[in-house]
Amino acid sequence: MPIKSILSTKTLNKDQKALLTKAQIQVTEYNAITIEAVPFDSEIIVENAIITSQNAAKAVIEHKVVIRNCFCVGEKTMAFLEEHGQNVSKMKLYGSDLANYIVKYHKNESFIFFCGKIRQDILPDTLAQHNVPLKEIVVYNTLPNPKKIEGIFDAILFFSPSGVSSYVTENTITNEAIFCIGKTTEEAVKTYSKQTYTPSNPTIENVLQTVVKYSKK
C-alpha cells in the first residue's frame, strides 16, 4: 500500500524531513528515548577504543579523551570521530562484524569499550569468548520517554530496541509497515510485527529512502 503518513520515534533534522516532504509523505515525530550523560574518568590515554554509537563518540570528544586507535560502528560515527581528529582504525556497520574483525586481527590487544548503560551483548560477549581483554566505561544512559501517540499512520520508524520498548509502553503496533534502522532494532520489533523493512546500511537517511521507495510501490 502507498505510504502517506508516518510516525518517527526520533525527531528528524531539516534535510531528513525534506526527503519525506518531496515524496509527499506527512511525518509526525517525537523522541521515544532521551540520552543522559554519565560522568566518567576522562583523564586517561586509550590505546584501543571501541565506540559503537554517536552518543558514545560525542561523550569521548566532549571529555577530550586521548585515543590512539578507534574501532567503531557506523559510517556517521566514523565521520564524527574523524571530523574531531580521531584516528579510526576500522569501521564496521554492525557490532557483530566489528567483534569478529577484532577477534581475527587484534586478539592479542586490549580494548576499552565506551558505551551506554543499555548496550547490546554480542560485541563484549564475542570478545570474552575469545579472551580479548575488554574494559567497559559507561558514558551515557538511555532513558525511555513513553508517550501516548494519537493518530493513524501507514508506517512507524524505529531507530533502537530501546525506542521500540518505549513506544509499546503506551501504544500498540497494529497494521503499520515498520521501518527499522538495523538488525537489532528489527529483532526487537518482530515480537510485535512481521511487516518490517530494514536497509542494508544502517543510517537514518537510508531508513527514509527505504520508506520513500516502498511508498512508490
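Position numbers for residues start from 1 in each chain and track the written sequence from start to end. Selection of residues for local features in this predicted model requires a pLDDT of at least 70, selection of side-chain atom pairs for listing and counting requires 80 or more, and totals for whole chains, interfaces and linings are taken over all residues. Side-chain figures throughout are based on the complete set of non-hydrogen atoms in the structure, without hydrogens or water.

Undergrad: Provide a residue-level description of the overall build of the chain, including the pertinent values.
TA: Of regular secondary structure, the chain possesses eight helices and eleven strands. Throughout, the radius of gyration refers to the C-alpha atoms, and the reference size of a globule is 2.2 Å times the residue count to the power 0.38. Taken over the C-alpha trace, the chain has a radius of gyration of 18 Å; the compact-globule value for 217 residues is 17 Å, and the two agree within 12%. Across its three principal axes, the chain shows a C-alpha extent of roughly 50 × 30 × 30 Å. Within the chain, buried positions represent 47% of all 217 residues. Note on definitions: a residue-residue contact is assigned when non-hydrogen atoms from the two residues lie within 4.5 Å. In the chain, the share of contacts with a sequence separation of at least 24, taken over all contacts with a separation of at least 6, comes to 49%. In the structure as shown, the chain presents an accessible area of about 11500 Å², 48% of it carried by carbon and sulfur atoms. A helix here means a DSSP run of H or I that spans at least four residues, while a strand means a run of E at least two residues long, and both kinds are numbered starting from the N terminus. Only protein chains enter the accessibility calculation, which uses a 1.4 Å probe; a residue whose area is less than 20% of its type maximum is buried, one above 50% is exposed, and one in between is partly exposed. Method for areas: the Shrake-Rupley scheme with a 1.4 Å probe, in which residue coverage is limited to the protein chains shown.

Undergrad: Before we move on, could you go through the sheet that holds strand S4 (residues 45-51) and cite the residues and values that matter?
TA: Strands pair, by our definition, only if DSSP identifies at least two bridges between them. The strand order across the open sheet formed by six strands is S3-S8-S7-S4-S5-S6, and the pairing between neighbours is mixed. Two strands bound the open sheet, and with one partner strand each, they are strand S3 (33-37) and strand S6 (88-92). Here the strands of the sheet are splayed against their neighbours by 25° on average, with no regard to which way each runs. Inspection of the sheet shows strand S5 (residues 66-73) paired to S6 by four bridges, in the parallel sense. Among the inter-strand pairings, Val 73 is bridged to a residue of S6, identified as Lys 92. Axes, fitted as lines to C-alpha atoms, cover a helix only where it is in contact. Angles between the N-to-C directions of the axes lie from 0 to 180 degrees. Packing against the sheet, helix H5 (residues 122-129) makes contact with S4, strand S7 (111-116) and strand S8 (134-144), and its axis sits at approximately 165° to S8.

Without other data, these values stay purely geometric and don't point to any function.
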